[in-house]
Amino acid sequence: MSLHHRWLSELHTLWRWKRRMEVSLCPAAGFHCRTISSIPSDPDPIEIHKKKLFLWFSHLPKEEKQFGGYFSPETMHVDPLILERKDEERAGPLISPFKTRSPSRRSLTVEQLLDPGDTWSEGRGLNVMLYGAVGTGKSTVVRKLVLDWCTGSTLAHFKLLLPFSCEDLSQLSKVASLRDLVSRKYLHLKKHPLLSGEGDQAKDVLFLFNGMEKMQLDFRIGSTELCSDPNEALPPAVVVVNLLRKYMLPEASILVTTRLSALDRTPQKYVSRYAQICGFNDPERQRAYFTSRLLQPRGETPPSREAQVLIELLYLNLQRESQLAAACFLPSYCWLTCATLHFLHFTSAQSPIRTLTGIYTSFLRLNFGGEVLGTGAGTSVPIQEHQSSLMLYVVRTVGKLAFDGVTHKRTSFSEKELEQWIGGETKTDEELRQLAMFQTDVLDFFLAPCVESRKYSSKQLDGNDERRFVFAVPAMQEYLAALYVVLGENKSALEKITTQVSIAIGQVGEDVSAIMNILSKFIPLRLFAVFNLLKLFPKLYAAIISHTRGKIGKTMAAEMFRTEDSYNEDILDQVEQSLLGVHGPLPQNYGEEKPFELYPIFMGGLLHYGNRVLLQQLGCSIQSSTVAQITQALKKHLVRELSKPLPPEELMDLLVLLYEFQNPRLTAEVLSSIRSIRLTDIRMTSLKCFILSSVLSCTSARYHLKELNLSSCHLTHDLLQMLWPAFRHTHVLNLQFNSLGPDSCVLLRDLLLDPKSSISSLQLCDNPLLDSGCGILLEALPGNQSLTHLSLMHTGLGDRGAMELAEKLQPHTGLQELNVAYNNIGDDAALTLVDACREHPSIHTVHLYLNPLSDVGKQSLYVQGVPRRGGSSRRVKVLASVTEGSDISENWHPILSVIRENASSWDRNRVKQQLEVFLRDLEWGRQQQPSFWKRLHFRRVQKGVQQTLQMLEKDSLSPSKGQSK
């Protein structure tokens, strides 16, 4: 029985194989040949089409990966305002984001625009023209539309959606039929009956042409022949024109996206509806966008409290109708804002390296990648032959304006100034056409009307009410100015002449007579003598160019260390304030001229190879030789500037510049001249900690700082982990006045036990370490021999911690000074600790002042500090009070100085009580002295203590190193 079943099974398999072969060899037209017959019928090509479209349009650019990559286009999409326009108002201005929160016309969806209604005759599909300026969200709307159609959530009445990129179509040089164009991009739709042109099947088809301005369409009958056959081979532009004419597949509907300047290229009679994308016209849409980006969960981790606070601060700034709200009218600037905030607040050691310059370069690549500035309609020359990079045009016009503003410390510009700098000296019709297109489509992307005139000094405002313009985002002015300089666009007249001559000489070779003729054309007779010696010309040209590039390096160094900018906040805090606004009382210098401190940092970042690659894609080339010459000049001037000490804010800016440069060799050579990094009072964030560690990691293992001062920097345990690589490069580590708790002591213990670490002084004053944290930290003492100075002042150390410290001291033979002042150490624990220090081979000083010690205890401590007779113990200096019995302590001045410096951040009542105890001790000691000169010395010390007490009572202590901003 089993053999019979096996024979039937083999026979059935043979029959299925034979059937597959018959079907696969079937030449019948109109059927897809099958190679797998287990499926009863052919797979639906439209379902295949939907799956592939969904995969293609779900792909996000690499720039989106910085947000974590945990969301899809569906979750982050926010619909921009879309308004239907009548023919006569289609070229009208954009709606101001502040004039109305609820426009008289309701916002439409693309599905509503493609609803036939009664706007078009029977049997003819709709032609919808969706237009908007750069950055308003046309491509994003198209992506969301395609994804929604693939999932069946919109446009369900269209069986087939065919998206085309007009940029791709414009590059095709061969003729092709409509069906060939479709099958070339969507092979699975080859010979699909919906595109046959028979009957009215095409009514279920929607064509989508994105970026129509990229094609040179000509609707004149004499230039573009009529054709209704979708199988006839024609130039791609002719096929598109016949589709829009409704001469080919008239039943099909068409959605076209384009810029405002290209609207007139399509006659009105071929357009059913005009719709304008107006961006985000109110703070609610902007807030929805920011929420979708910044509050996305990172895997299983929910959104952090910090991200929620950022959203609230952003929303408050937008509600105030700030300049940021005007910029975020364009969704592209919402993206830039999110990317910058994500960079500032959510940088981690595990995330890919991002730089601020890289964010702005990527932002421009997303908006202007592949964009060219061609001629308008009415020319027979192929558009590709006279196109130039749109980004390069931006640099030469808007970048020139930005550079002038940075040079003269101006952030706002009048309409006349815009006309002067943007228009320039245009002479030909072609230049005028390009200028008109640029002003219509692109200029508003960079410049916006000034809505915060109070932020600009009165010197910048004219007496009249002339409207002024500012860059949509302040940092964009500095970025474009830096790009203008680094690209070498700010050439002198002599440089321009020599460049032209150099190009001409290269073209004609060594023919002297030809060279002379060319020189005479370029150079006036009065200047011709300068270039008469042709053999010297190449050297002269090279010298001029080398001098220019060296000048750029000098400019970067000079702009970094301007004396008038020395005490501004560090540049990363300035960038954050420009986005989140200033909440609370305004700083005193808020209305003063803006310091352009990002300008040199952007110049350094633009020289990084990764940014140069992106700029090359935008048509802006920075040669490697240029980078080498600028880098050499910059290194020379940075090393010279660093010979003098810098304020913490400027030192932080220097670290940011080196990080943006991403040049390990330059970084190591510059840091070799720095022996101390003092960042006192800098508000350290995850990004700043990452920058500090990254920069110091560029140095060799032998490089060590004399001091790394991070006191009053708002450090937490998480930030401490990011700073681990930096700690390995320092001898003196100052972590005073931060928020380090017991959990941070685990990391500090491991740092002291690390064989690559060489920390000799660790200062942890005013961190809530407590007994538990100090106990963990002290576990490192037996295994560490590099530490010589340890400060645990005001760390919550109690008697138990002091006793444990006394036990752990003996195995550590290198410690010389121990500071446990201002803790909760009593008499017994203090005596035990001093005994252990006296028996220690190297400890010479112990700080015990501001502890709850009795008078008897203090006297015992001084006695204990003196070595016993006949013993081997040493003398230990004990600092417990300004007096030692009836004498003045020789260390009274250091004790008083420490109290004055730190009293503003300590418990005022406890410090006052301690100062009053000092006064009683001094009064008693003065009365015991028979010598007039000694009593006079007591008076002097008493006066110092009284002054400190009075200043503390009046709360008028001067700012100190231990006091945060």
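Every value quoted in this text rests on a predicted model; they were computed, and no experiment measured them.

**Student:** Even after reading the chapter, I still don't get the overall build of the protein chain, so can you show me in this structure?
**Tutor:** Helix and strand counts for the protein chain stand at 39 helices and 21 strands. Burial status across the protein chain gives 52% buried among its 965 residues. A separation of at least 24 residues holds for 78% of the contacts in the protein chain among residues at least 6 apart in sequence. For the protein chain, the exposed area adds up to about 44700 Å²; of that, 53% sits on carbon and sulfur atoms.

**Student:** In this structure, what is going on with helix α7 (residues 178-185)? I would like to understand it.
**Tutor:** Since one α-helical turn is 3.6 residues long, residues separated by three or four positions face the same way. All buried positions along α7 are accounted for by Leu178, Arg179, Leu181, Val182 and Ser183. Those residues of α7 that are buried are in contact with β3 (160-165), α6 (166-171), β4 (205-210) and α8 (236-244).

**Student:** I'm lost on the pairing of strand β14 (residues 730-734) in this one. Help?
**Tutor:** Note that strand β13 (residues 705-709) and β14 share four bridges and pair parallel. Paired with asparagine 709 across the bridge in β14 is asparagine 734.

**Student:** How do you make sense of a nonpolar patch on the surface when you look at a structure like this?
**Tutor:** A cluster of nonpolar side chains, Ile221, Leu226 and Tyr247, forms an exposed patch at the surface whose accessible area comes to about 300 Å². If you trace the backbone, leucine 226 turns up in the loop between β4 and α8.

**Student:** Would you mind going over the packing of aromatic side chains with me for this structure?
**Tutor:** Two numbers describe a pair of aromatic rings. These are the distance of the centres and the angle of the planes. Under the criterion given, the structure shown has 21 aromatic pairs. Ring centres of phenylalanine 280 and tyrosine 289 lie 5.8 Å apart, and the angle between their planes is 50°; on these two criteria the pair is classed as tilted. We note that phenylalanine 280, like tyrosine 289, is buried. Between tyrosine 659 and phenylalanine 690, the aromatic rings sit 6.1 Å apart at their centres with planes inclined by 80°, giving edge-to-face as the arrangement. Taken together, the residues span a long stretch of sequence, with tyrosine 659 in helix α27 (residues 648-661) and phenylalanine 690 in helix α29 (residues 686-697) at a distance of 31 residues. Relative accessible area serves as the criterion here: at 3%, tyrosine 659 is assigned to the buried category.

**Student:** Could you clarify how one ought to interpret the packing of helix α18 (residues 474-486) against helix α24 (residues 598-606) in this entry?
**Tutor:** Two numbers describe a pair of packed helices, the interaxial angle and the distance between the axes. Across the interface, α18 lies against α24 with an axial gap of 8 Å and an inter-helix angle of 50°. Taken together, the axis directions place α18 and α24 in an arrangement best described as oblique. Remark: the crossing between α18 and α24 carries right-handed chirality. Of the residues in α24, those in contact with Ala475, Glu478, Tyr479, Ala481, Ala482, Leu483, Val485 and Val486 of α18 are Leu598, Tyr599, Phe602, Met603 and Leu606. For the contact of α18 with α24, the per-class residue count stands at twelve nonpolar, no polar and one charged.

**Student:** What exactly am I supposed to notice about the nonpolar core here?
**Tutor:** Most often, soluble globular proteins have nonpolar side chains that are buried together. Formed by 175 residues in total, the largest nonpolar core has its most connected members in Tyr333, Phe446, Met476, Leu692, Leu735 and Leu848. In contact with leucine 735, other than residues within four places in its own chain, are Leu710, Leu715, Leu720, Phe727, Leu740, Leu748, Leu762, Gln763, Leu764, Cys765 and Asn767. The next biggest cluster of nonpolar side chains, apart from the first, holds 66 residues, and it includes Leu169, Leu181, Phe219 and Val256.

**Student:** I tried to follow the packing of helix α14 (residues 390-407) against helix α15 (residues 415-423) on my own but got confused; where do I start?
**Tutor:** At a closest axis distance of 8 Å, the pairing of α14 and α15 adopts a crossing angle of 125°. Taken together, α14 and α15 sit at an angle that is classed as oblique. At the point where α14 passes α15, the crossing takes the right-handed sense. In this structure, α14 contributes Thr397, Val398, Lys400, Leu401 and Asp404 to the contact, and α15 contributes Leu418, Trp421 and Ile422. A per-class count over the contact of α14 with α15 returns five nonpolar, one polar and two charged.

**Student:** What am I meant to see in the sheet that holds strand β5 (residues 253-258) here?
**Tutor:** Picture the strands of a sheet paired through backbone hydrogen bonds; they go either parallel or antiparallel. Strands sit in the order β1-β6-β2-β5-β4-β3 across an open sheet of six strands; the sheet is mixed. With partners counted over all chains shown, the strands left at the sheet margins are β1 (82-85) and β3, one partner each. Adjacent strand axes in the sheet meet at a mean angle of 20° when their direction is disregarded. When β3 meets β4, the two strands line up parallel, connected through six bridges. Of the residues in β4, the one forming a bridge with leucine 161 is leucine 206.

**Student:** Is there a simple way to explain the pattern of salt bridges in this structure?
**Tutor:** Note that side chains of opposite charge can pair when their charged atoms are close. Under the criterion given, the structure shown has 27 salt bridges. Where glutamate 576 meets arginine 683, a salt bridge forms, and the shortest distance between an N and an O atom there is 2.8 Å. With a gap of 107 residues between them, glutamate 576 in helix α23 (residues 571-580) and arginine 683 in the loop between β12 (676-678) and α29 connect regions that are remote in the sequence. For glutamate 576, a relative accessible area of 12% puts it in the buried group. A cluster of three or more residues bridged by salt bridges with shared partners is formed by Asp570, Asp573, Glu576, Arg683 and Lys688.

**Student:** Explain the confidence of the model for the protein chain here, please?
**Tutor:** Reading fine detail from the predicted coordinates is not recommended where pLDDT is low. Looking at the protein chain, the pLDDT average stands at 78 and 75% of residues meet or exceed 70. Between residues 10-40, whose pLDDT stays under 50, and residues either more than four places distant or in other chains, the model counts 16 contacts. Below pLDDT 50 for its whole length, residues 492-510 participates in 27 contacts with residues either more than four positions away or in separate chains.

**Student:** Would you mind showing me how to read the sheet that holds strand β10 (residues 447-449) here?
**Tutor:** Pairing in this open sheet of three strands is antiparallel, and the strands run β9-β11-β10 from one edge to the other. Looking at which strands have only one partner, the edges of the open sheet turn out to be β9 (412-414) and β10. The mean angle between the axes of side-by-side strands here comes to 40°, regardless of whether they run parallel or antiparallel. With three bridges joining them, β10 and strand β11 (residues 468-471) adopt antiparallel strand pairing. Its bridge partner being in β11, leucine 447 is matched across the sheet by phenylalanine 471. Sitting on the sheet, α15 is in contact with β9, β10 and β11, with an inclination near 90° to β9.

**Student:** Teacher, can you tell me more about the pairing of strand β2 (residues 127-131) here?
**Tutor:** Remember that side chains alternate between the two faces of the sheet whenever the strand is regular. With respect to burial, β2 is a largely interior element, five of its five residues being buried. What you see with β2 is no split at all: Asn127, Met129 and Tyr131 on one side and Val128 and Leu130 on the other are buried throughout. Across four bridges, the pairing between β2 and strand β6 (residues 273-277) is parallel. Bridge assignment links methionine 129 to a residue of β6, and that residue is tyrosine 274.

**Student:** Any chance you could explain unusual backbone geometry here in plain terms?
**Tutor:** With glycine set apart, most residues show a phi of negative sign, and most peptide bonds adopt trans. Phi is positive for lysine 409, which is not a glycine, with a value near 55°. Looking at the element boundaries, lysine 409 is found in the loop between α14 and β9. Residue lysine 409 is classed as buried on the basis of its relative accessible area, which comes to 13%. Even without a glycine there, the phi angle at histidine 794 is positive, about 55°. Checked against the element boundaries, histidine 794 lands in the loop between β16 (789-791) and α34 (799-809).

**Student:** I tried to follow helix α10 (residues 305-319) on my own but got confused; where do I start?
**Tutor:** Look at α10: 21 Å from first C-alpha to last across 15 residues, which is about the 21 Å you get at 1.5 Å a residue. Buried within α10 we find Ala307, Leu310, Ile311, Leu314, Tyr315, Asn317 and Leu318. Down the axis of α10, the sector holding all buried residues measures 160°, keeping them to one side. At its buried positions, α10 is contacted by α9 (283-294), α11 (323-327), α12 (331-345) and α23.

**Student:** Mind showing me how you'd approach the environment of glycine 773 here?
**Tutor:** The residue glycine 773 is located in helix α33 (residues 770-778) in this model. Each C-alpha atom of the pair glycine 773 and glycine 741 lies 6.9 Å from the other, and the pair is 32 residues apart in sequence. Setting aside its immediate chain neighbours within four residues, glycine 773 contacts Pro742 and Cys745.

**Student:** Honestly, the environment of leucine 764 in this entry has me stumped. Any pointers?
**Tutor:** Looking at the element boundaries, leucine 764 is found in the loop between β15 (761-763) and α33. When neighbours within four sequence positions are excluded, leucine 764 is seen to be in contact with Leu735, Leu748, Leu769, Leu777, Ser791, Leu792, Met793 and Thr795.

**Student:** Explain the environment of threonine 948 here, please?
**Tutor:** Position of threonine 948 among the secondary structure elements: in helix α39 (residues 932-953). On the accessibility criterion, threonine 948 (2% relative accessible area) is buried. Residues threonine 948 and serine 897, spaced 51 residues apart in sequence, show a C-alpha to C-alpha distance of 9.5 Å. Apart from residues no more than four positions distant in its own chain, threonine 948 is found in contact with Leu896, Arg900 and Leu915.

**Student:** Would you mind going over the side chain of asparagine 317 with me for this structure?
**Tutor:** Relative to the helices and strands, asparagine 317 is located in helix α10. According to the relative accessible area criterion, asparagine 317 is buried, its value standing at 3%. Leaving out residues up to four positions away in the same chain, asparagine 317 has contacts with Ser322, Leu324, Ser578, Leu579, Leu580 and Gly581.

Rules of the game
- Residues numbered from 1 in each chain as written.
- Predicted model: local features only at pLDDT ≥ 70, side-chain atom pairs only at ≥ 80, totals over all residues.
- Heavy atoms only, no water.
- Helix = DSSP H or I, 4+ residues; strand = E, 2+ residues; numbered from the N terminus.
- Buried < 20%, exposed > 50% of the residue type's maximum accessible area, 1.4 Å probe, protein only.
- Contact = heavy atoms within 4.5 Å.
- Areas by Shrake-Rupley, 256 points an atom, 1.4 Å probe, with all protein chains shown as cover.
- Pairing = 2+ DSSP bridges.
- Patch = residues over 30% accessible without salt bridge, like charges linked within 9 Å, V, L, I, M, F, W, Y side chains within 5 Å.
- Salt bridge = Lys/Arg side-chain N within 4 Å of Asp/Glu carboxyl O.
- Phe/Tyr/Trp six-rings, centres within 6.5 Å; stacked < 30°, edge-to-face > 60°.
- Axes fitted to C-alpha atoms, helices over the stretch in contact; angles between N-to-C directions.
- Parallel < 35°, antiparallel > 145°, perpendicular 65-115°, else oblique.
- Left-handed = near helix turned anticlockwise from the far one by under 90°.
- Nonpolar A, V, L, I, M, F, W, Y, C, P; charged D, E, K, R; others polar.
- Core = buried A, V, L, I, M, F, W, Y, C linked by side-chain atoms within 4.5 Å.
- pLDDT = per-residue confidence, 0-100.
- Expected span 1.5 Å × (residues − 1).
- Arc of directions from axis to C-beta.

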